[in-house]
Amino acid sequence: MKKVFVLFLILILVLSLGSICLADTKEVNVILNREIKVTYNDAIQEFQNVNGVKVYPLSYEGTTYLPIRSISSLFQSKIKWDGNTNSIYLGEGDLDTTSSKIVSSFTKGNNETIKALLNRDIKIYYNNKVQTFIDATGKAVYPLSYNGTTYLPVRAVSNLFGLKIDWDGVTNTIKIGKEKEQHDSKAAVVYFSATGTTKQVAEYVKDETNADIFEIIPKEKYTSEDLNWNNNDSRTTKEQNDKNVRPEIENNIDISNYDLIFIGYPIWWGDCPRIVQSFIETGKLNGKTAIPFCTSGSSSISGSENTLKNYKEINWISGKRLTASRNDVANWVKSLNIKSTSESKENNNLNTKIIKIEVNNKELTVELENNQAAKELVQKLNSENVVVKALEYGGFEKVGSLGFSLTRDDEQIKTEVGDIVLYQGNQISLFYNSNSWSYTKLGKVTNCTASELKELLGNGDVTLILKK
Ligand SMILES: Cc1cc2nc3c(=O)[nH]c(=O)nc-3n(C[C@H](O)[C@H](O)[C@H](O)COP(=O)(O)O)c2cc1C
């Protein structure tokens, strides 16, 4: 009897081992989703398999999957299947292409639960590099096979191709689209100067960045009596004491063709002259990236930056007080990593969306938020790597001091695995579990699954090296 029991145990063990071995492909219940719409750059997309039969997106555990052929067509990518290595190749270069035709529009119908194969064995290569796909929560997702067609997770693939993806729950639509067109842009220097010092510095900035230059000319010129700060009744004293005064500008400055604007001015009573606000309030800087610079007797730029950052429609990059020295200006421009603005898109990367974090000899890819703190972080990383001694905290995060402050825009957030946030304005936290607190979100790790990240970070303190 004892023998039979032992044999029975061995049998159970063998069977369970067998199921572990087979776990790389498993049959799962999946929704064949006939009602979901997919748009690409606002046009509805439909998909066919190799035999011209219409195929629909699949939904599994909150992730939507598209047939691989449609992905190739949608993202205008080459695609190749290698049955020997069980690999799918996407990208450019030496790959066989297969394309699927886009046909009319979706027929509405009932969704259906079908059996598909979750395939952990298939490797996906993009430009010959193996990809790990994760869903919006950081969990690893794998290709599905159904009816002879392989399906890939649409969010992960869109991210791979640098495309934005949104879900519209009202119309049941996945919207995939291009980011704003990156046209070749040149920078502009816009400045105000009452006595010529800022004008000189502005000329240097123009030279160092190969920008175009524009002067803000007041309708009513400032006389030396107007500029007398010892006189409580002088025009400038009165203007600076009244936050609502907006002196008129004589000239029309057209900066519509520029994405990056340097804006220069003298410091008056610790702030920017009100006429600079007159210019900003024309709205011409809205949606653009702006870098302030100033000249002064001794005051720093910070008071004026506090005023400027209230204009939230503008992407402000931290600026600097400069002296009328070509060297001083050249060093500053160099630290911004903008050599020539005709090459600025490639070189300055102030709008970069990706940074890296090296931890325990692995490089994490971090997709940044589109906010002021993230931009300031990129600016810092343009000149140097930032090393953070991050302490283990609470069983959910590694947190450490940046050694500098970034602009806070804190809100109550429930963090997810892989989230990177700014804490108290000068500390960075990398989450491997969830926590709810008031943070400014900086970005998210995109090249690591939740379990990989937990394992990588371990139980103790870690050193994070932030770099571009
Ligand atoms: C009305 C007025 C107020 C000023 N206030 C300050 C100040 O608060 N702090 C400072 O360091 N310099 C101050 N300055 C000095 C100017 O910032 C400095 O001379 C500047 O370089 C002048 O630039 P501009 O020649 O382009 O007009 C003030 C100058 C004026 C005319």
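Residues numbered from 1 in each chain as written. Predicted model: local features only at pLDDT ≥ 70, side-chain atom pairs only at ≥ 80, totals over all residues.

**Q** Explain the overall build of the protein chain here, please?
**A** Along the protein chain, the regular secondary structure elements total eleven helices and 31 strands. Put simply, the protein chain has 468 residues, and 35% of those count as buried. Across the protein chain, every contact between residues at least 6 apart in sequence was considered, and the portion connecting residues at least 24 apart equals 69%. (Helix = DSSP H or I, 4+ residues; strand = E, 2+ residues; numbered from the N terminus. Buried ≥ 20, exposed ≤ 12 C-beta atoms within 10 Å, placed from the backbone. Contact = placed C-beta atoms within 7 Å.)

**Q** How do you make sense of the sheet that holds strand S14 (residues 149–153) when you look at a structure like this?
**A** Strand pairing in a sheet takes place through backbone hydrogen bonds and is either antiparallel or parallel in direction. Read around the closed barrel, six strands run S1-S6-S7-S14-S13-S10, paired in antiparallel fashion. Neighbour-to-neighbour, the strand axes of the sheet open up by a mean angle of 40 degrees, direction not taken into account. Relative to strand S6 (residues 58–60), strand S1 (residues 25–32) runs antiparallel, the two sharing two bridges. Its bridge partner lying in S6, leucine 32 is registered against leucine 58. (Pairing = 2+ DSSP bridges. Axes fitted to C-alpha atoms, helices over the stretch in contact; angles between N-to-C directions.)

**Q** Whenever I open this one, the site of the ligand confuses me. Can you help?
**A** Taken together, 20 residues sit near the ligand, with Ser193, Thr195, Thr197, Thr198 and Pro266 positioned nearest. Among the elements that line the shell around the ligand, the one with the most residues is helix H4 (residues 197–209), at three residues. Considering only residue class, the shell around the ligand consists of seven nonpolar, twelve polar and one charged. (Near = placed C-beta within 6 Å. Nonpolar A, V, L, I, M, F, W, Y, C, P; charged D, E, K, R; others polar.)

**Q** Is there a simple way to think about the nonpolar core in this case?
**A** With 41 residues, the main nonpolar core has Ala188, Val190, Val205, Ile261 and Phe262 as its most contacted residues. Counting only elements with at least two residues in this core, the list comes to strand S17 (186–191), H4, strand S19 (258–266), helix H6 (274–280), strand S20 (289–295) and helix H8 (326–336). Top contributing element to this core by residue count: S19, with six residues. (Core = buried A, V, L, I, M, F, W, Y, C linked by C-beta atoms within 7 Å.)

**Q** Please explain the pairing of S14 as it appears in this structure.
**A** Each regular strand displays side chains that alternate between the two surfaces of the sheet. Two strands pair when backbone bridges link them, and strand S7 (residues 63–67) and S14 are joined in this way by three bridges, in the antiparallel orientation. If you follow tyrosine 65 over to S14, its bridge partner there is proline 153. Where strand S13 (residues 144–146) and S14 come together, three bridges link them in antiparallel fashion. Directly across from leucine 144, in S14, lies its bridge partner tyrosine 151. From the end of S13 to the start of S14, which pair antiparallel, there are two residues, and asparagine 147 there has a positive phi angle of about 55 degrees.

**Q** I keep staring at H4 and nothing clicks. Help me out?
**A** For H4, spanning 13 residues, the distance from its first C-alpha to its last is 19 Å, which sits close to the expected 18 Å at 1.5 Å a residue. Regarding H4, the residues found buried are Thr198, Val201, Ala202, Tyr204, Val205, Lys206, Glu208 and Thr209. One or two positions beyond H4, positive phi appears at asparagine 210, with a value near 60 degrees. (Expected span 1.5 Å × (residues − 1).)

**Q** It is not clear to me how unusual backbone geometry should be interpreted in this structure. Could you clarify?
**A** We note that asparagine 360 has phi near 45 degrees; this positive angle belongs to a residue other than glycine. Note on placement: asparagine 360 falls in the loop between strand S23 (354–359) and strand S24 (362–368). For asparagine 360, a count of 11 C-beta atoms within 10 Å puts it in the exposed group. The backbone of asparagine 361 shows a phi angle near 65 degrees, a positive value even though the residue is not glycine. The exposure class of asparagine 361 is exposed, given the 6 C-beta atoms found within 10 Å.

**Q** Teacher, can you tell me more about helix H11 (residues 450–457) here?
**A** Structural remark: α-helix, 3.6 residues per turn; residues separated by three or four positions point the same way. Those residues of H11 not exposed but buried are Ala450, Glu452, Leu453 and Leu457. Along the long axis of H11, the arc covered by the buried residues comes to 160 degrees, so they all point the same way. In this structure, the buried side of H11 is in contact with S23, strand S26 (397–401), strand S30 (436–445) and strand S31 (462–467). Trailing H11 by a residue or two, glycine 458 shows a phi angle of about 65 degrees, which is positive. (Arc of directions from axis to C-beta.)

**Q** Teacher, can you tell me more about the packing of H4 against H8 here?
**A** A pair of packed helices is captured by two measures, namely the crossing angle of their axes and the spacing between those axes. Running from amino to carboxyl end, H4 crosses H8 at an angle of 45 degrees, the nearest separation of the two axes being 9 Å. In terms of axis orientation, H4 runs oblique to H8. Crossing geometry of H4 relative to H8 is assigned as right-handed. Contacts from Val201, Tyr204, Val205, Glu208 and Thr209 in H4 reach Arg326, Val329, Ala330 and Val333 in H8. (Parallel < 35°, antiparallel > 145°, perpendicular 65-115°, else oblique. Left-handed = near helix turned anticlockwise from the far one by under 90°.)

**Q** Just checking my understanding: could you explain the confidence of the model for the protein chain for this structure?
**A** In low-pLDDT regions, the fine details of the predicted coordinates are not to be read closely. With 76% of its residues at a pLDDT of 70 or more, the protein chain has an overall mean of 79. Note that residues 1–23 has pLDDT below 50 and, in this model, zero contacts with residues that lie over four places away or in other chains. (pLDDT = per-residue confidence, 0-100.)

**Q** Could you clarify how one ought to interpret the environment of phenylalanine 214 in this entry?
**A** Counting through the fold element by element, phenylalanine 214 comes out in strand S18 (residues 212–215). C-beta crowding within 10 Å serves as the criterion here: with 21 such atoms nearby, phenylalanine 214 is assigned to the buried category. The spatial distance from the C-alpha of phenylalanine 214 to the C-alpha of valine 190 is 4.7 Å, given a sequence separation of 24 residues. Other than its neighbours up to four places away in sequence, phenylalanine 214 contacts Ala188, Val190, Ile253 and Ile255.

**Q** Is there a simple way to think about the environment of proline 273 in this case?
**A** Examined against the element boundaries, proline 273 turns out to sit in the loop between S19 and H6. A residue is classified by how many C-beta atoms lie within 10 Å of it, and proline 273, with 26 of them, is buried. A sequence separation of 26 residues divides proline 273 from proline 247, and the C-alpha atoms of the two residues are 9.3 Å apart. The contact partners of proline 273, leaving out residues within four places of it in the chain, are Phe192, Tyr265, Pro266 and Trp268.

**Q** Explain the environment of lysine 375 to me, please; I cannot follow it from the model alone.
**A** Turning to its location among the elements, lysine 375 is positioned in helix H10 (residues 372–383). Note on lysine 375: 22 C-beta atoms within 10 Å, which makes it buried. Separated by 22 residues in sequence, lysine 375 and lysine 353 have C-alpha atoms that sit 8.8 Å apart.

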